[in-house]
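So you can see what is in the structure, the chains are spelled out below.
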Amino acid sequence: ANASTATSEEFAYPTVTYCIDPDWMPYEAIRNNQHVGMSSDYIIYIGVLAELDFQLVKTKSWSESLEKLKSGECQVASMLNRSPERERYLRFTQPFFVGPNVLVSNVEQAFFQGYENIGTQVVGAVAQYRQAEYIDNYYPHINLKLVENELAGLRLLADGDIDLFVGSLLSVNALIQKSGFSNLRIAGLAEPQDQLSMAVSNDDIELLNKLNVAISELPEWVHADIYKQWNNVRVIEEVDYRYFWIATSVFLCIIILGVWRQLLVSRYNKKLTLKNQQLQTLQKELLENNQRLEFMSVRDPLTNMYNRHFMQDRAAQEKQVSQRKNLPVCLLLIDIDFFKAVNDQFGHSAGDAVLVELATLICSTIRNMDVAARWGGEEFIVLCPKTTLGEAIYLAKRLKNQIRQHEFTEVGRMTCSFGVAEYLGPESFVDWFDRTDKALYAAKNTGRDRIHASCVELTEKTESEKLDSV
Ligand SMILES: Nc1nc2c(ncn2[C@@H]2O[C@H](COP(=O)(O)OP(=O)(O)OP(=O)(O)O)[C@@H](O)[C@H]2O)c(=O)[nH]1
């Protein structure tokens, strides 16, 4: 043998074959014919520390790996849990990685803590994994469904064929993220936790000791580094978004209702404002109509003077004042002479014009305190408060002269006859007016264009009249 060959053989580490689970990421797997996952790093560090040359025996399934471990074709298992079944043909090192087992469910499932409350629900577990053996031993009543691997189990769960699935946290979480099982979530912890060791087949105690020593010498940073390198754990969101959406929907509903209400209120307010404006206009019209009615009710439509109705009321009032305060008050009746002839000669509208002009003349001649009205036809009346008979006769004279001097449109000169009477309480208005009318009658009968006054001796309470031609 040449020296160089001898030297290389001298320093070569003894070869040790090992098997892994070919599909259990991130713990271990075979990808592109290479050992990957956490155990691929552990095997390097342990190999260096134990001075062993580990050689991977490739398998297609975990069952196949176990078969090869049983047969001795594989000397070492790289990363697995201890179990009574496995202890029959494997010897385990001390554990070098501890991690939880979890129950996975679809989102509708309640939270589970352990296996006690599972009842009759179907729980999936990978055949020949330690969890399957554990459930079989300790919870034989649980409806267990064995699957080929964790991915197959999660698919069954996502399709609703099983109710729960039990697996290792890291591998299950990685599969959920990678395969997009958005309706799956980790629903609780499952006992026992993973305590992953190496194991040697047969009774190779020497190899077992070497491995145990190497594992005990692994520095803490190696564990941390390996964990970080192979675990990009994204914690599956535990927040129940249903409450978030319910709260958001309620909030949105409240906002929409508020806006809707605001719109209704503003629309209602606009309508109300419009109605108020219409109401105000109507009220204004009503007020004007009432004022017009009030005006019309006391006015003569042709001359706009007060009418007979108003004069009766005013005269009654003044009569009372006169009685109470012992003040004189007089009535003047004015009647146009030969007015029929005006109508006959110039027409009715010319007659109307005379009436209007005469009304204006009367109103502009009497005093402020006097009240003039059209009594009817071509007859006018003037109520003169606080006026003695002499003063009333004087006013009548003024009126008579004003009329005589006035040129009526179309018609020319006109005259009027006057009846004057002072109120002599306690007579009625009818009696007072009657006396005034009689005085006017006398003026007419004695030639017109003149004034007659009524004088009655009240002490004697007689109806006799003394007519004075003025
Ligand atoms: N144009 C007009 N004529 C009226 C109105 N009211 C009454 N008359 C007329 O006035 C006239 C009154 O005639 P009479 O009672 O005979 O009196 P008169 O012709 O004035 O004669 P004396 O009073 O006796 O001087 C009638 O022809 C009525 O038709 C009116 O509002 N307009």
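Up top is the structure these notes are about.
Residues numbered from 1 in each chain as written. Predicted model: local features only at pLDDT ≥ 70, side-chain atom pairs only at ≥ 80, totals over all residues. Heavy atoms only, no water.

We now examine unusual backbone geometry. Each neighbour pair has its own omega, and for M25 with P26 the value is 5°, a cis peptide bond. Following the sequence through the fold, P26 ends up in the loop between β2 (23-24) and β3 (28-31). Note that the residue after E191, namely P192, is joined by a cis bond; omega there is -20°. Relative to the assigned elements, P192 resides in strand β12 (residues 184-201). Positive phi values are uncommon outside glycine, yet E51 reaches one of about 55°. (Helix = DSSP H or I, 4+ residues; strand = E, 2+ residues; numbered from the N terminus.)

A surface patch of positive charge is lined by R267, K270, K271 and K275. Relative to the helices and strands, R267 resides in helix α10 (residues 241-298). Given the relative accessible area of 52%, R267 is considered exposed. (Patch = residues over 30% accessible without salt bridge, like charges linked within 9 Å, V, L, I, M, F, W, Y side chains within 5 Å. Areas by Shrake-Rupley, 256 points an atom, 1.4 Å probe, with all protein chains shown as cover. Salt bridge = Lys/Arg side-chain N within 4 Å of Asp/Glu carboxyl O. Lys, Arg positive; Asp, Glu negative; His and termini not counted. Charge placed at Lys NZ, Arg CZ, Asp CG, Glu CD. Buried < 20%, exposed > 50% of the residue type's maximum accessible area, 1.4 Å probe, protein only.)

Lining the immediate environment of the ligand, one finds 16 residues, of which F338, F339, N343, D352 and R374 sit closest. Here a nitrogen atom of the ligand sits 2.8 Å away from a polar atom, N or O, in the side chain of D352. In this structure, an oxygen atom belonging to the ligand sits 3.4 Å away from a side-chain N or O atom of E378. In isolation the ligand exposes 660 Å². Once the protein is present, 67% of that is buried. When residues of the shell around the ligand are traced back to their parent elements, those giving at least two are β13 (329-336), α12 (339-346) and α13 (348-365). Among the elements that line the shell around the ligand, the one with the most residues is α13, at 4 residues. Grouping the constituent residues of the shell around the ligand by class yields 4 nonpolar, 4 polar and 8 charged. (Near = heavy atom within 4 Å. Polar contact = N/O pair within 3.5 Å; in protein donor to acceptor, adjacent residues only side chain to side chain. Nonpolar A, V, L, I, M, F, W, Y, C, P; charged D, E, K, R; others polar.)

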